[in-house]
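One-letter residues, chain by chain:
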Amino acid sequence: MNILRKYDDFILNNASQISSIESSLRTLTYVLPGRFADAEFASEALFAALNLIGLYHDSILVRAAENLEPSKKPIPSPHNRYTRYWINSSKTYQRASFALTFLQYTDVLMEMGIQKKWGKQVKWKLIIMVELIKAICRIILLYKTQERTIVNPAIPRREIDPSIFNQENFSSNSRTWIGQRTGCRRDNLSSVSSIHQNSNSNNNYYTSSCDINNYLMNKVLYVEDIKNPSELVHRLHGIGKLAELLYILRPLIYVLALQKYGNRSWKPWSFSIFIELSTIVLYKYFYKKHMSGGYRWLSTLEKEEERRRFRFLFFYFLRGPLYEKFTRTKINNFCHSVSNKPILSLFGGILRDYQPLWENVYFYSK
């Protein structure tokens, strides 16, 4: 425990530097493939380790942020409010969400390691097992959130600026006061007002006005700010629930079809994209029939998740026969055409380095 406490203190005292190192190492993982033997495996091992360690660092930052004075506490996004609410409300949701996140961070690494040691047959058994566990976790999340759309990631993101953790933030000062009657801690505006009163030049006046405006804007409440966190995502029923279940089961159905028909058959690819497009149509129908205002009244969090799912349709260009017969040829032609051009040749080289991963690693384009 003493070692962990010392480590926590070290992270807080060097939060900005640690965050910069994590970002730099993550960037490094994107350019490692193709640089040396087993570079792809080393890159994925580093990427998975950074993500898992980052989860623990996030918990340290969140606990520390709770002890900050009110004016310094970061305002959580709708995503973080929603996911943290369910994590705090249900131990089952907490376990399922962290299990799902762990698999998402390590699935590529596990696939590459299993194939390297035991071959393709064992690799496909692992892929089916991982997709099955992911589907079970998502179904648990669906029912523990009282049948609401599953957001990704299912845990809070890191949204805390590490620079707020410095000595002056933890020192005792007069930026807050405690009411004698209520005992509540309130922000002290004397520092802001004094700056405004003592400003003589136009620049100082402009700066102080901006400080006051920024402070007041941070206190403005929007509709989603006053909603209960659970209400940030609408409950599903009927067709909406069916659409979410199809979305959850789609990856498992796809990998089972791959096992039966092979990667060069159009059937797995067609099954998968049909299910994906069907969920979009079913959701649109559900919003239109069961929500006043339809799509326009979706929350920011729901719209963000819908856009994310729509962007992931791009990966169908990297799967199965469409990649074999169309995308790969286009990528090869592009890389060849820019091989002698500055800057573009670097981008073309990165594409060539990633091609073996798209072609041989299932979870890279799942």
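In the annotation of an unreviewed UniProt entry, the entry for the protein reads Peroxisomal membrane protein PEX16, and the organism field reads Rhizophagus irregularis. The Sequence similarities (unreviewed entry) field of the UniProt record for the protein holds the comment "Belongs to the peroxin-16 family." As its UniProt record puts it under Subcellular location (unreviewed entry), the protein is described as follows: "Peroxisome membrane".

A. Focus on the packing of helix H6 (residues 120-144) against helix H11 (residues 239-261). One way to put it is that H6 packs onto H11 with a least axis distance of 9 Å and a crossing angle of 175°. The orientation of H6 with respect to H11, classified from their angle, is roughly antiparallel. On the side of H6, the interface is formed by Trp124, Ile127, Ile128, Glu131, Leu132, Ala135, Arg138, Ile139, Leu142 and Tyr143, while H11 contributes Lys241, Glu244, Leu245, Ile248, Leu249, Pro251, Leu252, Val255, Leu256, Leu258 and Gln259. Across the contact of H6 with H11, the residue classes tally to 16 nonpolar, one polar and four charged.

B. Region of interest: the nonpolar core. Among the nonpolar cores identified, the biggest contains 23 residues, and Trp358, Tyr362 and Tyr364 are the most heavily contacted of them. Those elements that provide at least two residues to this core are helix H5 (91-118), H6, H11, helix H14 (320-337) and helix H15 (344-360). Among the domains, domain 2 (77-163 + 229-313) and domain 3 (319-365) are the pair contributing at least three residues each to this core. In this structure, Tyr364 is in contact with Glu44, Val108, Phe315, Tyr354, Leu357 and Trp358, ignoring residues within four places of it in sequence. Core analysis: the next-biggest nonpolar cluster, separate from the first, contains 18 residues, Ile87, Leu141, Ala154 and Ile248 among them.

C. Local environment of H11. A bend of about 40° at Leu249 is the largest found in H11, and the proline Pro251 appears one to four places after it. Listing the buried residues of H11 in full gives Gly240, Ala243, Glu244, Tyr247, Ile248, Arg250, Pro251, Leu252, Tyr254, Val255, Ala257 and Leu258. At its buried positions, H11 is contacted by H6, helix H12 (266-290), helix H13 (300-311) and H14. Count one or two residues on from H11 and you reach Gly262, which has phi positive near 90°.

Reading the values: rules and limits
- Residues numbered from 1 in each chain as written.
- Predicted model: local features only at pLDDT ≥ 70, side-chain atom pairs only at ≥ 80, totals over all residues.
- Heavy atoms only, no water.
- UniProt positions renumbered as here; feature names shortened; annotations may be inferred.
- Axes fitted to C-alpha atoms, helices over the stretch in contact; angles between N-to-C directions.
- Helix = DSSP H or I, 4+ residues; strand = E, 2+ residues; numbered from the N terminus.
- Parallel < 35°, antiparallel > 145°, perpendicular 65-115°, else oblique.
- Contact = heavy atoms within 4.5 Å.
- Nonpolar A, V, L, I, M, F, W, Y, C, P; charged D, E, K, R; others polar.
- Core = buried A, V, L, I, M, F, W, Y, C linked by side-chain atoms within 4.5 Å.
- Buried < 20%, exposed > 50% of the residue type's maximum accessible area, 1.4 Å probe, protein only.
- Domains from an automatic or database assignment.
- Bend = angle between axes of the 7 residues up to and from the residue.

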